[in-house]
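Residue strings, one per chain:
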Amino acid sequence: MKPDELRNLAQREAELRKSYRYRINVCCSSGCMPFGALKVLSAFKDAVKELGVEEECYVARTGCIGTCSIAPAVLVEPGDYLYQNVTTDKVKEIVKEHIVNGRPVKEMLYGNEAYFKKQLRIVLRNAGKIDPLRIEDYIAVGGYYALLKALTRMTPEGVIEEVALSGLKGRGGAGFLTGLKWRYVARATGSPKYVIANLDEGDPGVFANRTLAEADPHAIIEGMAIAAYAVGASKGYIYVRSEYPLAVETLKKAIEAARSMGFLGEKIFETVFSFDIELRLGAGAFVAGEETAILASIEGRRAMPRPRPPYPAHSGLWGKPTLINNVETFANVPVILLKGSEWFASIGVKNCTGTKCFSLTGKVNNPGLIEVPMGITLGEVVFEIGGGVPPGRKFKAVQVGGPSGGFLPENLLNLPIDYESLNKAGAIMGSGGIVVLDDTSCMVDTAKFFTEFCVDESCGKCVPCRAGLYKLYKILDGFTRGKGSLEDLNKVEELCEFIKEASLCGLGQTAPNPTLTTLKYFRDEYIAHIVEKKCPAGKCFKNGGGESGVE
Amino acid sequence: MPDTGFQQVGLKVDRRLTLLENAIKKHQYKKDALLEILHTAQELYGYLDRSLLTYISKLLRLPPSHVYGVATFYNLFKLKKPGAHVVTVCMGTACYVKGAEEIVSTIEKEFNFKRGETTEDGRLSLFVTRCIGACAMAPNAIVDGETIGKATPEEVLKKIRTILEAAKVEAR
Amino acid sequence: MVEENQGLSKMIELTIDDKKVVAKEGDSILKVARENKIYIPALCYLEGVSSFGGCRVCVVEIKGSTRVFASCVTPVSEGMEVITDSERLRRYRKWAIELLLAERPHVCSVCVANGSCELQQLATELGVDHLRVEREWTNYELDLTHERFAYDPNRCILCTRCIRVCDEIEGVHTIDLMFRGKNSKVIFDLDDKWSFAESCTSCGKCSAVCPVGALYVKGKPHSEVKKKELVSFVISRRIEKTIG
Amino acid sequence: MAKVRLATVWLSGCSGCHMSFLDQDEKLLELADKVELVHSPIADIKDFPENVDITLVEGAVGNEEQLELLKKIRRRTRILIAFGDCAVNGNVTALRNILNEGRENVLKRAYVENTMFNQGVPTQIPRLTERVFALNEVVKVDFYIPGCPPPASLINYVLNEFLDGRIPVLDGKFKYG
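Here is what the cut-offs are and how they apply
- Residues numbered from 1 in each chain as written.
- Chains lettered and ligands numbered in written order.
- Predicted model: local features only at pLDDT ≥ 70, side-chain atom pairs only at ≥ 80, totals over all residues.
- Heavy atoms only, no water.
- Helix = DSSP H or I, 4+ residues; strand = E, 2+ residues; numbered from the N terminus.
- Rg over C-alpha atoms; globule rule 2.2 N^0.38 Å.
- Buried < 20%, exposed > 50% of the residue type's maximum accessible area, 1.4 Å probe, protein only.
- Contact = heavy atoms within 4.5 Å.
- Areas by Shrake-Rupley, 256 points an atom, 1.4 Å probe, with all protein chains shown as cover.
- Lys, Arg positive; Asp, Glu negative; His and termini not counted.
- Charge placed at Lys NZ, Arg CZ, Asp CG, Glu CD.
- Buried area = accessible area lost by both parts, 1.4 Å probe.
- Salt bridge = Lys/Arg side-chain N within 4 Å of Asp/Glu carboxyl O.
- Polar contact = N/O pair within 3.5 Å; in protein donor to acceptor, adjacent residues only side chain to side chain.
- Nonpolar A, V, L, I, M, F, W, Y, C, P; charged D, E, K, R; others polar.
- Pairing = 2+ DSSP bridges.
- Axes fitted to C-alpha atoms, helices over the stretch in contact; angles between N-to-C directions.
- pLDDT = per-residue confidence, 0-100.
- Right-handed = clockwise from strand over helix to strand, strands pointing away.
- Core = buried A, V, L, I, M, F, W, Y, C linked by side-chain atoms within 4.5 Å.
- Phe/Tyr/Trp six-rings, centres within 6.5 Å; stacked < 30°, edge-to-face > 60°.
- Lys NZ or Arg CZ within 6 Å of the ring centre and 35° of its normal.

Now for the overall build of chain D. A count of helices and strands for chain D gives seven helices and seven strands. Sequence-ordered secondary structure for chain D, helices as α and strands as β, is β-α-α-β-β-β-α-β-α-α-α-β-β-α. Here chain D has a C-alpha radius of gyration of 17 Å; the compact-globule value for 177 residues is 16 Å, and the two agree. Sorting the 177 residues of chain D into buried and exposed places 53% on the buried side. For chain D, the proportion of contacts with a sequence separation of at least 24, taken over those separated by at least 6, is 77%. Accessible surface, chain D as shown: approximately 8,800 Å² in total, 54% of it carbon and sulfur. With 21 positive and 24 negative side-chain charges, chain D shows a separation of 4 Å between the mean positions of the two kinds.

This is the structure:
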């Protein structure tokens, strides 16, 4: 594709969009699909035809709108009218009243404005508003302009500089400066170089990355292409969980579309830059999301992490310099290039710029996919966006950062969400999960649940993680069955320290976090289990007491 | 192409085998395509049995223990034939917090088997998975591909019974 | 993994336990320490094959970092200050050994390796005189099908030495790991019985390098076999090096 | 000065540790000057006495009588020493944990399946615990002497250290098995 062609196409598409008075966006993401979103979509298409408003109303199949609690969700533009729990029988009325008569059906609208008020959508800028399977939709909203700009008007070093100045940090969890990482890869000797987008979001309760891929796959592809140009790579891989069939399918089609349009392949935009992307499917191993394990998995081996150094930037895939970033990191890049690093750096807080996507779940009134500026407090997320815990219940704790994130109590609700603050409190940014617990959740039981998850997902290479976590799980399990003594708490802490400090990779190093933070902030619950043999939340001791004879 | 394969390991020559060979050819017999090949093989055959793994190891010239090690490392690959009907209960955080464990243990008790297993008559398998991503509708259970949101143990049991009954009638 | 050094490489200076030493860049801390007669306990490490970094017994501290590092897989670098012994390191090493002892039923008194077992020796050395965590009583089936060798998974510590010699020295890769995490198990071919593992050359290197009594030669005192077989193993390694 | 009150106990084990204790030979005489043996399988004292200074416990806990006895010992002893591998970590005694078959089947295996004469599970024996426990899985243990059996010299060293008011240091002196 020539630069001019992109401009013309964008213009044509934008005009086409304008030619419709209304646009009905039906969310067909994994959150809404199981609840009949596709049927609703075709019902809308039929209704529009039947009522003769085909010419003025466009019905689009889109990705996640972000309000998963009201699935299936439908968004009508202009005016962003959000309809909740749309079933096929409601469709006709919506079209008749809203489109034909111009009167939104108030009773069916999702009246929760607070949910969106504190959110800021950069990564999810197009989510729910474009058809992910139509590349033209993406182009119409300025897609692939950033790639064009990078290739025709910027040097690779210039691109890196811009990303570095923006202060963007890796969204996969560790929070390493993206610009710096890119520079390492750019300077590393060896060829070819590779770019890997990490979409192995194995964390239970986290679906931010998946939703992004389903809603706006081209933002990821464009970000990867820009990164490849910056670091001098010619080949890219997207490593995606195979448990995400819709994301896999969407990405597959998006890559094909990008290829046929010439955004991937040889001599992109008639420059010397060539780049192509291949999908690689995971197969159900959480640890494969680890930076060095992902390499092993793409190379067709057991996803066992290896020690660093050497870092993948110097010796990655097949020993070649490799850039690994989370898909969310990549999705930020096109916007940064278009709007400038200064603009991006002005969002969020100092040392932690931009936004972060979170899947907000658990005992909260408005679960869903949210994107918030860095520095927002946990309280704002849980109570203002999330609408607090269900009526009649009391907030107990919030977990940030997936299975190895810590649990934070009520008095830390004014903690700002940024990498440093979270780490200090014992939580982590992780790949973006926020789980809210109320007074019906037992903290000992919850710590046990996450420890069990990590036991299942440990690759088994190093002793602290393989054997240590299992012992930790057994001790916690004992607590929930009436076994154990107060001295065991010290033993647990010592064991946790060993696992945290001596494990090989991030999985083991963070796996004790749930236990350590619950011990720190909710020690009284442990004591209640051990001393009084009682579970304050009424969850444990269901399977009888301890084994015979054990004090 | 090396035809050391199928007769030796006892694989039937059929369309599935052709498709599998094509996939391997497409990957140019590259060893690092193992994961992709295993995906394809499982899609075609439903599960990975010994003969299939031996065949793949021969074609890709990989040590059998390596292929077996990879196939058993990843949860997704099934080495045993799954049951005719499959129930998968999501055990993601949101689902666990909202009572997924009760659903699983109810099914276990009712059909007298454990998660990850298939009933003796081969009619039902029970799997747990980590997060299917429908957290807002937690807890979720998938019965033969159909998702039940905000599920209760009774509801899931009922669904399973209906399916098993229907299958029985069909068999007659 | 730390690569073997080839040809000329840069020499660098570092300190290990306040002792200044000169080392080849890229060598592991453990290798450099041993060359300089500084003892660091290790278990999964085996000279002559690639390092695994799994047992975490050889952990050391590096000044300027709060973490600990497995010295067998951490390359030395210029000006690095390594500490090989501290209260904290002893505590971690103890945990590593204790967890290994508790992971499977290591009953020394009925084990062929009693007296020549590296795990047992390390327990003595590091003062693991009891287990603070409950022991697992796994019940894996013994494999006695091979005419010369035996395999008892209940004594395996998953150090992967056997896998590495089988792959890197004998070059047949009969052995690998199956499953993952605590369920990991050393297998032959497709988890076959040993005598049915077609690729096995019966060379015996795996049993020679097994630090515990998981792989052993039938009918001979373990201590005697170990010494003899290790010698032939080292010789074969030397031949390998001259050829390759 | 009053003699130190020493007890030795034999739970589920082979008595090998006690044999090793006796292997202290002439040093037993020196020991006898310093301690009063208040309870031992080699002395005919029925109940475990009160107010014991040091108790060496050989063997693991395999039945409920032993469980009760061990708890009693704990209550009545200042320094409880796990004596030998069975006491320390279960050792051979605990190998029945591998079977994971429940106590009835263990008894059946021993008294029915593997005997030719007088087959039948005796009824007059204490009930087995579901699994065999190392001492520290049941009570607090103050010191451990591993070994199967621990050598006489080690036993002698540990006892003398305690008698002299020091805490023994086993650094490199013990060996499992």
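Moving on, there is more to tell.
Attention now goes to the overall build of chain A. Helix and strand counts for chain A come out as 22 helices and 15 strands. Computed over its C-alpha atoms, the radius of gyration of chain A comes to 24 Å, within 12% of the 24 Å expected for a compact globule of 551 residues. Taking as baseline every contact in chain A between residues at least 6 positions apart, the subset at least 24 positions apart corresponds to 72%. Surface exposure of chain A reaches about 18,600 Å², of which carbon and sulfur atoms provide 51%.

Let's shift gears to the interface of chain C and chain A. How big an interface is tends to be stated in terms of accessible area lost as the parts join. Contacts between chain C and chain A engage 35 residues on the former and 36 residues on the latter. Summing the contributions of chain C and of chain A, the shared interface buries around 3,000 Å²; its carbon and sulfur component is 54%. Run the count over chain C and chain A and you get eight salt bridges. As a salt-bridge pair, Arg-132 of chain C and Glu-494 of chain A come within 3.1 Å of each other at their nearest N and O atoms. Run the count over chain C and chain A and you get 24 residue pairs in polar contact (both at pLDDT 80 or more). Residue assignment for the side of chain C that touches chain A shows that the elements contributing at least two residues are α2 (87–103) and β7 (175–178) of chain C. Its residues assigned to classes, the side of chain C that touches chain A shows 18 nonpolar, five polar and twelve charged.

A word on the environment of Ile-107 of chain B. Residue and element names in this part refer to chain B. Topologically, Ile-107 is positioned in helix α7 (residues 100–111). Ile-107 sits in the buried class, given a relative accessible area of 1%. Expressed as a C-alpha distance, the spacing of Ile-107 and Val-156, which sit 49 residues apart in the sequence, is 8.4 Å. Look past the residues within four positions of Ile-107 in its chain and what remains in contact with it is Val-87, Val-89, Asn-112, Phe-113, Leu-126, Val-156 and Ile-160.

All right, on to unusual backbone geometry then. Here the residue pair Ala-71 of chain A and Pro-72 of chain A is connected by a cis peptide bond, since its omega of -10° sits within 30 degrees of zero. Its location among the elements puts Pro-72 of chain A in the loop between β2 (57–62) and β3 (74–77). Between Cys-148 of chain D and the following residue, Pro-149 of chain D, the backbone shows a cis peptide bond with an omega angle of -5°. With respect to the helices and strands, the residue Pro-149 of chain D is situated in the loop between β7 (143–145) and α7 (152–163). One non-glycine residue, Arg-61 of chain B, adopts positive backbone phi at about 55°. Along the polypeptide, Arg-61 of chain B turns up in the loop between α4 (50–59) and α5 (64–73). Residue classification places Arg-61 of chain B among the exposed residues on the basis of a relative accessible area of 59%. Phi is positive for Asp-18 of chain C, close to 65°, though the residue is something other than glycine. Tracing the backbone shows Asp-18 of chain C in the loop between β1 (11–16) and β2 (19–24).

With that settled, the discussion passes to helix α8 (residues 178–187) of chain A. Within α8 of chain A the residues assigned to the buried category are Thr-178, Gly-179, Lys-181, Trp-182, Arg-183 and Val-185 of chain A. Lining the buried residues of α8 of chain A we find α7 (156–166), α10 (217–231), α12 (291–298), β8 (322–326) and α13 (327–339) of chain A.

The next point concerns the environment of Cys-58 of chain C. Residues and elements named next belong to chain C. The topology assignment puts Cys-58 in the loop between α1 (29–35) and β3 (59–62). Taking the C-alpha atoms as reference points, Cys-58 and Pro-41, separated by 17 residues in sequence, lie 5.4 Å from one another. Discounting residues that sit within four places of it in the chain, Cys-58 has contacts with Leu-30, Ile-40, Pro-41, Ala-42, Phe-69, Ala-70, Ser-71 and Cys-72.

Let us now look at the interface of chain B and chain A. On the side of chain A, 49 residues touch chain B, which itself brings 32 residues to the contact. Each partner contributes to the roughly 3,300 Å² buried at the junction of chain B and chain A, and carbon and sulfur atoms together form 60% of this total. Of all residues in chain B, the largest losses of buried area upon contact with chain A belong to Phe-73, Thr-93 and Arg-130 of chain B, amounting jointly to 22% of the total for that side. Joining chain B to chain A, the criterion identifies one salt bridge. In this structure, the salt-bridge partner of Arg-280 of chain A is Glu-36 of chain B, at a minimum N-O distance of 3.9 Å. Connecting chain B to chain A are twelve residue pairs in polar contact (both at pLDDT 80 or more).

All names here are of chain D. Taking strand neighbours across the sheet as the criterion, the five strands line up as β2-β1-β3-β5-β7 in an open arrangement whose pairing is parallel. Edge positions in the sheet fall to β2 (35–39) and β7, since each of these pairs with one other strand and no more. Here the average twist between neighbouring strands, direction ignored, is 25°. Taken strand by strand, helix α2 (residues 27–34) contacts β1 (4–10) and β2, and its axis lies near 90° from that of β2.

On to the confidence of the model for chain A, then. For chain A, mean pLDDT is 93; residues scoring 70 or higher make up 98% of the total. In this model, residues 544–551 of chain A is a region of pLDDT below 50 whose contacts with residues beyond four sequence positions or in other chains number 16 contacts.

Moving on to the pairing of β2 of chain A. Residue and element names in this part refer to chain A. Two elements, strand β1 (residues 22–27) and β2, share six bridges in a ladder whose sense is parallel. Bridge pairing links Arg-23 to Tyr-58 in β2. Where the polypeptide runs from β1 across helix α2 (residues 37–50) and back to β2, its parallel neighbour, the crossover connection is right-handed.

Looking now at the nonpolar core. Formed by 173 residues in total, the largest nonpolar core has its most connected members in Tyr-74 of chain B, Ile-97 of chain C together with Leu-135 of chain D. At ten residues, helix α18 (residues 463–479) of chain A tops the list of elements feeding residues into this core. Excluding its chain neighbours within four sequence positions, the residues that come into contact with Ile-97 of chain C are Leu-43, Val-57, Leu-119, Leu-122, Ala-123, Leu-126 and Val-128 of chain C. Leu-9, Val-123, Ala-146 and Leu-279 of chain A belong to the second largest nonpolar core, which has 113 residues in total.

Residues and elements named next belong to chain A. Strand order in this open sheet of four strands is β2-β1-β3-β4, and the pairing throughout is mixed. Each of the sheet's edge strands pairs with one partner strand only, and the pair in question is β2 and β4 (81–83). On average, each strand axis in the sheet is tilted by 20° relative to the strand beside it, whichever way the strands run. When β1 meets β3, the two strands line up antiparallel, connected through four bridges. Note on β3: the bridge partner recorded for Val-26 is Val-74. Lying over the sheet, α2 contacts β1, β2 and β3, oriented at roughly 170° with respect to β2.

Applying the stated criterion to the full structure yields 29 aromatic pairs over all chains. Taken together, a centroid distance of 5.5 Å and an interplanar angle of 90° make the contact between Tyr-151 of chain C and Phe-188 of chain C edge-to-face. Here Tyr-151 of chain C is found in strand β6 (residues 149–151), whereas its partner Phe-188 of chain C is found in strand β8 (residues 185–188), with 37 residues between them in sequence. According to the relative accessible area criterion, Phe-188 of chain C is buried, its value standing at 2%. Three or more aromatic residues joined by ring pairs make a cluster, and in this case those are Tyr-138, Tyr-144, Phe-263 and Phe-269 of chain A. The ring of Trp-137 of chain C carries the charged tip of Arg-135 of chain C above its face, separated from the ring centre by 5.8 Å. A cation over a ring is seen here: Arg-180 of chain C above Phe-73 of chain B, with NZ or CZ 5.7 Å from the ring centre.

Ranking by contact count across five pairs of chains in contact places chains A and B at the top. The two units chain B and chain D are non-contacting; their minimal C-alpha-C-alpha distance is 18 Å.

Before going further, it helps to examine the pattern of salt bridges. It is possible for side chains bearing opposite charge to pair when their charged atoms get close. Summed over all chains, the structure comprises 77 salt bridges over all chains. Note that Glu-384 of chain A is salt-bridged to Lys-118 of chain A, the shortest N-O span being 3.0 Å. Pair noted here: Glu-384 of chain A is in helix α15 (residues 378–385) and Lys-118 of chain A is in the loop between α4 (114–117) and α5 (135–140), with a separation of 266 residues, a long-range link. The partly exposed category is assigned to Glu-384 of chain A, whose relative accessible area is 38%. Looking at Lys-118 of chain A, the relative accessible area reads 30%, which means it is partly exposed. The residue Glu-81 of chain C makes a salt bridge to Lys-63 of chain C at a minimum N-O spacing of 3.3 Å. Of this pair, Glu-81 of chain C sits in strand β5 (residues 81–83) while Lys-63 of chain C sits in the loop between β3 and β4 (68–70), and the two are 18 residues apart along the sequence. Taken together, the salt bridges that share partners define one network made up of Glu-13, Arg-17, Arg-23, Glu-77, Arg-134, Glu-136 and Asp-137 of chain A.

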